[in-house]
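Topology and contacts: notes
Listed below, chain by chain, are the residues.
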Amino acid sequence: MKKTALLLSFLGSLLGFRASAQMVMSWDEAYSKADEIIATLTLEEKIKMTRGYSSFYFPGIPEKGINAIYLSDATQGVRINNKLADTTTVRQLPRTTAFPCPVMLAATFNPILAWNYGKDVGEECNAGNIRVLLGPGVNIYRDSQCGRNFEYMGEDPYLAGQIAANYVKGMQTTGTAACMKHFLCNNIEYQRRNCNVIVDERTLHEIYLPVFKAGVDAGLAFVMTSYNLVNGEWCGQSDYVINGLLRKELGFRGGVMTDWRSVYNYKKVILSGQNIEMPGGDDTITRGTLSQWMKQGEITEKDIENMIRPLIATCIAFNLYDRDAWDKSLQAKFPEHAARSYSVAAEGTVLLKNNGILPLKPTSISSGKLLVCGRFIDELPRGKGSGDVKGYSNVSLREAIENDYGYKAVFKENPTIEEIRSASAVLLSVGTMDRESIERPFDLPSKENEFAKKVVANNANTIVLVNSGSGINMSDWVSSAAAVIFGFYPGQSGMTAIADIIRGKVCPSGKLPFTIEKSFSDSPAACDIPSCAVLGERNKDEHTVPIYDVEYDEGVLVGYRWYEAKAIEPLYAFGHGLSYTKFSLGKPSLSSKELTDADEIVIKLQVKNIGACDGREVVQLYVGEDNPTVERPVKELKAFSKVFIPQGGKTTVELKVKASDLAFWDVESHSWKANPGTYTLYIGTASDAIAHKVTIEKK
């Protein structure tokens, strides 16, 4: 008995340690301790806590137990910031790992990889005394021209929620606090501070809130509000957005911060549920005369206390004030992180098209007969702006191909027609370098597009490698290409992974986390941007341009939901991705064909690898209501499973459906509702590759 008690005690302490890596106490305890600290603060100190300082710090009052907290930009890893005014509490890391961009992480359809990705980034934060990472970004991919799509996790709320929640869990086990951004509906980057999103209640709940809810349920520490307005008010000072949606409906108890220089009415900021205005300092916005407001009773000292209370409580709950200084020993884990960067790129690269040319074995190429041309031969493609991570020991496309093909490869950015024609095969690099604060054209620059057309027209064995943060227009040349690979922004080791896929060392298994349309005119976002807009240029004078409205008229029909409902054939569908092997999906068996609110249906099916090599497949389950009472998508992703199966092997995949998976947001009751009746389960390997349909009954 004594041994058993000791074992249980050990297991309990182990589990407690794992939990304490996220929170060291309950929210109620943290808020109680925050109240004790706030009671010791002067009014001046309380006001100080409402605004950041030195660009990337929460303010500190050390004599009251509040230490300054350093925050860092993120998405593709940890961004090194060498422009801080105050460097007393941080020494910048000499290097950080450039991971594949988050939308490529979503393309893996692998929540375990997402957990480890978050853990690795959290460890690098600890190595640099970074206590809050300003990520992950989780805004829904609605507009393929949005310059920040690379920072996000695709168009589907369920997929994005699964990947983001595991990212948060993995990161916060290291003690680093995650900050999801940007709340809410920051799906357009053109003059983002003046974009007023007009969106209905149902669309918010079905499309744009679920990924944040997934983060809240995962134990998320912080949320950052967005630049744009929602239904007429800037999010960072909106009582409806923060107190109403985030606090009341999602149940978020952590800290909320503004995006940098994104609010305009300090009185509204104080009363909105916002906890700190970033970056603070005298160079931000006019706050008005706080003392005058307080004399007039428009703002009270209690209002100030209520504003800063969640921020202080969150820092206490996550032990941010008492954490030790940077742990340099964690830099020894960087090789492990680099290996993870490779793994994410290997699983996230999507093979869009293949006429049989891939894998391209070096033995099939004569000396000097693999021509590599185009844009990203020597430059590593990556997203720019606040998410820019430069990496170290970066491997270029040239280096990766040379490593695999040696003297058989030749490199010319702009080869002649004769050089194109004489090559046994051509690897053509095209793409974009996206960044925040721009809407970049869906079309490639005309010169680059014409070059792509010339290459595929003059060599039938052209493999096109696309590196971009979101979909681009391929319609002019895709039909003539032998193969098309979507490589996103693959990080410092990603070109090695892509070269390994081209050669056949790695079997591709990535799936598109967004739809690629044939023409941008097919998109529901096609008419959003004012006709005077200049795409591809950074926003200027955002504070002086007029507010413009963007109506989300498509409602819940975002991404593949739109294309299916409108019968518009995309170029490549959500969930699409080819392999070098073949899989068969056996007939699914259901634990029941009737579903009540209290039960779930377990779906099992056997998946066989009937092809030529080992590989991974993603089994996807979509749900559609057969006779809906409101407009609903044809089907929606509700479960998926990624499995590795050796050649000739098989495995059983288990998926589950609950009554909540059938529900829509009912605007009359302001709650979720699942109608009784029949629903169809669609099981396949892409939204347009459904192998089985099964009908169930909701009681």
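So, a few notes on the structure that sits alongside this text. (Residues numbered from 1 in each chain as written. Predicted model: local features only at pLDDT ≥ 70, side-chain atom pairs only at ≥ 80, totals over all residues. Heavy atoms only, no water.)

Take the overall build of the protein chain next. Tallying secondary structure elements over the protein chain gives 18 helices and 27 strands in all. Over its C-alpha atoms the protein chain spans a radius of gyration of 26 Å, differing by no more than 12% from the 27 Å that the globule rule assigns to 699 residues. Counting all 699 residues of the protein chain, 62% fall into the buried class. Once local pairs closer than 6 in sequence are excluded, the contacts in the protein chain between residues at least 24 apart make up 79%. For the protein chain, the accessible area works out to roughly 26100 Å², and carbon and sulfur atoms hold 49% of it. Where the 77 positive side-chain charges of the protein chain centre and where its 82 negative ones centre are 6 Å apart. (Helix = DSSP H or I, 4+ residues; strand = E, 2+ residues; numbered from the N terminus. Rg over C-alpha atoms; globule rule 2.2 N^0.38 Å. Buried < 20%, exposed > 50% of the residue type's maximum accessible area, 1.4 Å probe, protein only. Contact = heavy atoms within 4.5 Å. Areas by Shrake-Rupley, 256 points an atom, 1.4 Å probe, with all protein chains shown as cover. Lys, Arg positive; Asp, Glu negative; His and termini not counted. Charge placed at Lys NZ, Arg CZ, Asp CG, Glu CD.)

Looking now at the pattern of salt bridges. A full pass over the atoms with the stated rule returns 47 salt bridges. Glu569 is the partner of Lys518 in a salt bridge, and the nearest nitrogen-oxygen pair spans 3.2 Å. In this pair, Lys518 sits in the loop between helix H17 (494-503) and strand E16 (548-551) while Glu569 sits in the loop between helix H18 (560-565) and strand E17 (583-585), placing the two residues 51 residues apart along the sequence. Glu636 is the salt-bridge partner of Arg632, the closest N and O atoms lying 3.5 Å from each other. Across the pair, exposure class does not vary: Arg632 and Glu636 are buried alike. (Salt bridge = Lys/Arg side-chain N within 4 Å of Asp/Glu carboxyl O.)

Quick look at the packing of aromatic side chains now. Scanning all chains against the criterion turns up 25 aromatic pairs. Taken together, a centroid distance of 6.1 Å and an interplanar angle of 50 degrees make the contact between Trp27 and Tyr31 tilted. With Trp27 and Tyr31 both in helix H2 (residues 27-38) and four residues apart, this pair spans about one turn of that helix. The residues Trp27 and Tyr31 share a single accessibility class, namely buried. When the ring of Phe99 is compared with that of Tyr117, the centres are 5.0 Å apart and the planes differ by 45 degrees; the resulting orientation is tilted. Residue Phe99 is located in the loop between strand E2 (69-72) and helix H4 (102-107), and its partner Tyr117 is located in helix H5 (residues 111-127); the two are separated by 18 residues in the primary sequence. By relative accessible area, Tyr117 is classed as buried at 0%. One residue, Lys635, lies across the ring of Tyr622, its end atom 5.7 Å from the ring centre. (Phe/Tyr/Trp six-rings, centres within 6.5 Å; stacked < 30°, edge-to-face > 60°. Lys NZ or Arg CZ within 6 Å of the ring centre and 35° of its normal.)

So, on to the pairing of strand E13 (residues 425-431). Most of E13 sits inside the fold, with seven of its seven residues counted as buried. Judged by which residues are buried, E13 turns out to be covered on both faces: Ala425, Leu427, Ser429 and Gly431 on one side and Val426, Leu428 and Val430 on the other are all buried. Bridge count between strand E11 (residues 370-374) and E13: five bridges; the pairing is parallel. Each residue of the ladder has a partner; that of Leu370, found in E13, is Ala425. Two elements, E13 and strand E14 (residues 462-467), share six bridges in a ladder whose sense is parallel. Within the sheet, the bridge partner assigned to Leu428 lies in E14 and is Val464. Taken together, E13, helix H16 (residues 446-458) and E14 constitute a β-α-β crossover, and its handedness is right-handed. (Pairing = 2+ DSSP bridges. Right-handed = clockwise from strand over helix to strand, strands pointing away.)

Tracing the backbone shows Asp666 in strand E24 (residues 664-666). The side chain of Asp666 sits in the buried core without any salt bridge; Lys673 is the nearest counter-charge, 4.7 Å away. Filtering out sequence-adjacent residues up to four positions away, Asp666 remains in contact with Ser671 and Lys673.

What follows covers the pairing of strand E21 (residues 615-625). Most of E21 sits inside the fold, with ten of its eleven residues counted as buried. Of the strand pairs in this sheet, E21 and strand E22 (residues 636-645) are connected by nine bridges, and their pairing is antiparallel. Bridge pairing in E22 places Tyr622 opposite Leu637. Of the pairings in the sheet, the one linking E21 to strand E26 (residues 677-686) comprises six bridges and is antiparallel in character. Bridge pairing in E26 links Tyr622 to Tyr682.

At a minimum axis distance of 8 Å, the contact between helix H13 (residues 334-348) and H17 shows a crossing angle of 40 degrees. Overall, the two elements H13 and H17 adopt an arrangement that is oblique. The handedness of the crossing between H13 and H17 comes out as right-handed. Residues Tyr342, Ala345 and Ala346 of H13 pack against Gly494, Thr496, Ala497, Asp500 and Ile501 of H17. A breakdown of the residues in the contact of H13 with H17 according to their chemical character gives five nonpolar, two polar and one charged. (Axes fitted to C-alpha atoms, helices over the stretch in contact; angles between N-to-C directions. Parallel < 35°, antiparallel > 145°, perpendicular 65-115°, else oblique. Left-handed = near helix turned anticlockwise from the far one by under 90°. Nonpolar A, V, L, I, M, F, W, Y, C, P; charged D, E, K, R; others polar.)

This part takes up the sheet that holds E22. Strand order in this open sheet of five strands is E19-E27-E26-E21-E22, and the pairing throughout is mixed. Edge positions in the sheet fall to strand E19 (594-595) and E22, since each of these pairs with one other strand and no more.

Remark: H5 packs on H13, axes separated minimally by 10 Å, with the N-to-C direction vectors making an angle of 145 degrees. Of the two elements, H5 crosses H13, and the hand of that crossing is left-handed. Contacts from Leu113, Asn116, Tyr117, Lys119, Asp120, Glu123 and Glu124 in H5 reach Phe334, Glu336, His337, Arg340, Ser343, Val344 and Glu347 in H13.

On to the nonpolar core, then. Across soluble globular proteins, nonpolar side chains show a tendency to be buried alongside one another. The biggest cluster of nonpolar side chains holds 113 residues, and the ones touching the most others in it are Phe58, Val132, Phe183, Leu184, Phe222, Met257 and Ile312. The residues touching Phe58, leaving out its near neighbours within four places in the chain, are Tyr53, Ala68, Ile69, Leu71, Val132, Phe222, Met257, Ile276, Met278, Leu311 and Cys315. Counting residues in hydrophobic clusters, the runner-up holds 68 residues, among them Ile357, Ala482, Ala483 and Ile501. (Core = buried A, V, L, I, M, F, W, Y, C linked by side-chain atoms within 4.5 Å.)

This next bit is on H2. Between its terminal C-alpha atoms H2 stretches 16 Å, which fits the 16 Å expected from twelve residues at 1.5 Å a residue. Taken as a whole, H2 has its buried residues at Trp27, Ala30, Tyr31, Ala34, Ile37 and Ile38. One face of H2 carries all of its buried residues, which in axial projection span an arc of 115 degrees. In H2, the exposed residues that point more than 90 degrees away from the buried face are Asp28 and Glu36. Looking at the buried positions of H2, the neighbouring elements they touch are helix H3 (43-48) and helix H12 (301-317). (Expected span 1.5 Å × (residues − 1). Arc of directions from axis to C-beta.)

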